[in-house]
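Okay, here's what each chain looks like letter by letter:
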Amino acid sequence: MRFAAGLMLAVVLLAGAVATAQPAHAPYAPAEVRVEDATAVRRLAAQEVSIDRVRAGRARVYVTLEEFAALEAAGWEIEWIPDEATAAWKVLHEQGLKADDPLLSYHTFAEMTALLQGWATQYPEIMRLTSIGTSVQGRALWMVKITDNPDVEEDEPEFKYIATMHGDEILGTEVMLDLIRRLLEGHGTDERLTGLVNETVIWIMPMMNPDGWEASPPRRFNANNVDLNRNFPRWACSDANTTTGRQVETAAVMNWSATRFETLSANLHGGEMVANYPLDECSTCNNFTCTVSISQDDDVFQAVSRAYSFAHGRMWQSTDFADGITNGAAWYPVYGGMQDWNYRYMGCMEITLELEDVKIPPVQSLPGLIAENREAVLAYMEWVHRGVRGLVRDAHTGAPLAARVRVAGRAFTTRTNPAVGNFHRVTIPGTYTLTVEADGYLPATIADVVVTAGGATRVDVNLVREGANAFDAWAVH
Ligand SMILES: [Zn+2]
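This one's a predicted model, so the numbers in the text were calculated from it and none came from an experiment.

Peer 1: Explain helix H6 (residues 171-186) to me, using residue names and the numbers behind them.
Peer 2: Taking 1.5 Å of rise per residue, the 16 residues of H6 would be expected to cover 22 Å, and the 22 Å separating its terminal C-alpha atoms lies within 8% of that figure. Of the positions making up H6, those classed as buried are Leu171, Gly172, Thr173, Glu174, Val175, Met176, Leu177, Leu179, Ile180, Leu183 and Leu184.

Shown next, in the form of C-alpha cells:
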C-alpha cells in the first residue's frame, strides 16, 4: 500500500499539481536527474542532494518533495523512479527473509545480534563483541574484533570493514556475517584463515545504520533522515574534524576510530558494482570543474581496489568501469563521505565497495552473491600485510612511542599504536624514503626502503629525545 501511495504521489507531482504533505514514513524518495556531462554531475553534487549512482547520463538521487521541486525549478530534468528497495522489501515480507540455509539469508537486527552474541560466547579465544554506541532509535552499533589474544595489544596490523551505513544496502551485512563465521570456524583448521586471524587485528562492523534496515521499508538514511555517508567532516569544505553536530552513528565511528590504529579498510554498499577509491571530494569545495580527484596514494588505492575487483566473481568484468574500479570524484563527487575522512584524518586507507546493482537482492540469490565476495574480502584484507611495518621506540629506554610515519612526497600519515609502537603502512612495491616523527623527539629519515610484492618490509626506528647530546644521535636507527 505504501508503495502504491508513493507512486500516486509521484504521478501527481509530475502532473504539476500542488505537492501534498510528505508521507511521514518516507521523507525521501529516489528520483532520476538527467546529467548531460561531467560538469552537470558536479553541479548536481553541489546542490547538496544525496546522489547514489550515476549511469548512462542519469543520476539517481534521494530527495524530499521540496528538494525535488527546487531542482525542477532550477531547470533540472528530474522524475521520480520506483523505489526498488521498497519493492524488494514487499517481496521479502511476502516470502520471508530466509532461504534454504538460514545462515545465508537475511537477518533482522535482533537475529544478527543473537548470532554475534552466540559467536562471541562460542569463540572467546579470538572474538570480542562490543557496542561502540547506539543508533538514534537506541539499537546497538556492534563492532566485532577477531584476532588471537584479543585482549592484548600486539605488533599486528589493524584492518576494518563497515557495512550497511545505508540501511537499504544490506548485502554487505550478510557478506560480513559470512566472513565472521568463516574466520571463526576456520581458525585452527584452515591455514590461510588461521594466519589472518593470528597476524591481524580484524574489526568488522556489520551494520552501521540498523535503524535504516529495521525501517519498513528499509531506508538509505538514518532515523533523522541523514545520509551517514555525507555526514563525516569535509576536508575541502573546511569542516572541523569534530563530532559536534553529527549524527550519533557517525560520531560513534569517529570516536571509536580515534582509539584504534587500522590502516586499511573498506565500507560496503549496494546499488552498483564497482570498487570506488579516494578521493571523493574535489580539491576545493563544490568544484564544478574537477573531473577526477587523485590522491598522493593513487597507486596504492588502484592496487587495493583491483585486489578486490579481480578476486570478485564479476566486478572486474564491468562494462561501465575499467577493471571494475573508479576514482570517487571521477564517478561523482561526494562531500562528507567516510572514505575520504578515514584517509585524510585518520591514517587509514579506505575504499567504498558497491557489491551489487540491486540493493536488496532476492533472498534466493544471497548464497551466490555472498560466495562471489568470499575470495575478494580476504584478498583485500591481505593487503594490510604489504608495504612497510616496524616498531618506533625511545632510543634510550626502548619504550614504544606515539609516532607518525610518512612516505616522502605523501601527506598521508600512519600512526603508531603507542601501547606497542608498531606502524603498518601499505604501499605497492618500490623504493621509498620514510620520515618518522614523535612529539619531543628528533625526527628520523630512513632512505632506500625497498618494498617487494611479498610481506611488509620491516623498519624498526629508535628515536632520540630532543636535547640529547651528540653521542646519543648515533643511536638513531
Ligand atoms: Zn551506499
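After presenting the structure, the write-up continues.
Peer 1: Give me the lowdown on the pairing of strand S6 (residues 140-146), citing residues and values where you can.
Peer 2: Counting buried positions along S6 gives five out of seven residues, so the element sits mostly inside the fold. Linking strand S5 (residues 127-134) back to S6 in an antiparallel pair, the connection comprises five residues, with glycine 138 at a positive phi of about 90 degrees. When S6 meets strand S8 (residues 201-205), the two strands line up antiparallel, connected through three bridges. Its bridge partner lying in S8, isoleucine 146 is registered against isoleucine 202.

Peer 1: Tell me what's going on with the pairing of S8, and back it up with residues and numbers.
Peer 2: When you tally the buried positions in S8, you get five out of five residues, the bulk of the element. The alternating pattern of S8 places Val201, Trp203 and Met205 on one face and Ile202 and Ile204 on the opposite face, and all of these are buried. The sheet contact formed by strand S7 (residues 158-163) and S8 spans five bridges and is parallel. Considered in S8, the bridge of glutamate 158 is made with valine 201.

Peer 1: Give me the domain arrangement of the protein: which residues, what numbers.
Peer 2: Domain annotation for the protein reports domain 1 (2-82), domain 2 (96-385) and domain 3 (388-473). Each of domain 1 and domain 2 has a C-alpha centre, and the two are 27 Å apart. The interface of domain 1 with domain 2 comprises 17 residues on the first partner and 17 residues on the second. For the side of domain 1 that touches domain 2, the class distribution of residues is ten nonpolar, two polar and five charged.

Peer 1: Lay out the sheet that holds strand S15 (residues 413-415) with the relevant residues and their values.
Peer 2: Each strand in a sheet pairs with another by means of backbone hydrogen bonds, the pair being arranged parallel or else antiparallel. Spatial strand order, S15-S14-S17-S18: four strands in an open sheet with antiparallel pairing. Pairing within the sheet leaves two strands with one partner each, and these edge strands are S15 and strand S18 (444-451). Neighbouring strand axes in the sheet, compared pairwise and without regard to direction, differ in orientation by 30 degrees on average. Where strand S14 (residues 404-407) and strand S17 (residues 430-437) come together, four bridges link them in antiparallel fashion. The residue of S17 that forms the bridge with arginine 406 is threonine 435.

Peer 1: Could you give me a rundown of the sheet that holds strand S11 (residues 325-327), with the residues and numbers involved?
Peer 2: Sheet architecture is open: eight strands sit in the order S5-S6-S8-S7-S9-S12-S10-S11, paired in mixed fashion. The sheet is open, and its two edges are formed by S5 and S11, each paired on a single side. Direction aside, the axes of adjacent strands within the sheet are offset by 20 degrees on average. One ladder, built from three bridges, connects strand S10 (residues 272-277) with S11; its direction is parallel. Paired with tyrosine 277 across the two strands is asparagine 327, which belongs to S11.

Peer 1: Provide a residue-level description of the nonpolar core, including the pertinent values.
Peer 2: Of all hydrophobic cores here, the largest spans 80 residues; its most connected members are Ile180, Ile204 and Tyr380. Of the residues forming this core, the biggest block, eight residues, is contributed by H6. Those residues within four positions of isoleucine 204 in sequence are excluded, and the remaining contacts are Val144, Lys160, Tyr161, Met176, Leu179 and Ile180.

Peer 1: How would you sum up helix H2 (residues 38-45)? Please name residues and give values.
Peer 2: Buried within H2 are the following residues: Val41, Arg42, Leu44 and Ala45. Projection of H2 onto a plane perpendicular to its axis shows the buried side chains occupying an angular sector of 160 degrees, all on one side.

Definitions and limits used
- Residue numbers run consecutively from 1 along every chain, following the written order of its sequence.
- Local features in this predicted model are restricted to residues of pLDDT 70 or higher, and side-chain atom pairs are both shown and tallied only at a pLDDT of 80 or more, whereas totals for entire chains, interfaces and linings draw on every residue.
- Helix and strand labels come from DSSP, where a helix needs a run of H or I of at least four residues and a strand needs a run of E of at least two; each type is numbered from the N terminus.
- Here the expected length of a helix is defined as 1.5 Å per residue gap, with one fewer gap than residues.
- Partly exposed residues are those whose C-beta has more than 12 but fewer than 20 other C-beta atoms within 10 Å; 20 or more makes a residue buried and 12 or fewer makes it exposed, with C-beta atoms placed from the backbone.
- Strands are treated as partners if at least two bridges between them are detected by DSSP.
- For each domain, the first and last residues come from an automatic or database assignment.
- By the convention adopted here, residues are in contact when the distance between their C-beta atoms, placed from the backbone, does not exceed 7 Å.
- Ten residues, namely Ala, Val, Leu, Ile, Met, Phe, Trp, Tyr, Cys and Pro, are considered nonpolar, four, namely Asp, Glu, Lys and Arg, are considered charged, and the remaining ones, Gly among them, are considered polar.
- To obtain each axis, a line is fitted to C-alpha atoms, and for helices this fit is confined to the stretch in contact; angles are then taken between N-to-C directions over 0 to 180 degrees.
- Only buried residues count toward a nonpolar core: Ala, Val, Leu, Ile, Met, Phe, Trp, Tyr and Cys, linked into one set through C-beta atoms within 7 Å.
- Note that the arc is defined by the directions from the helix axis to the C-beta atoms.

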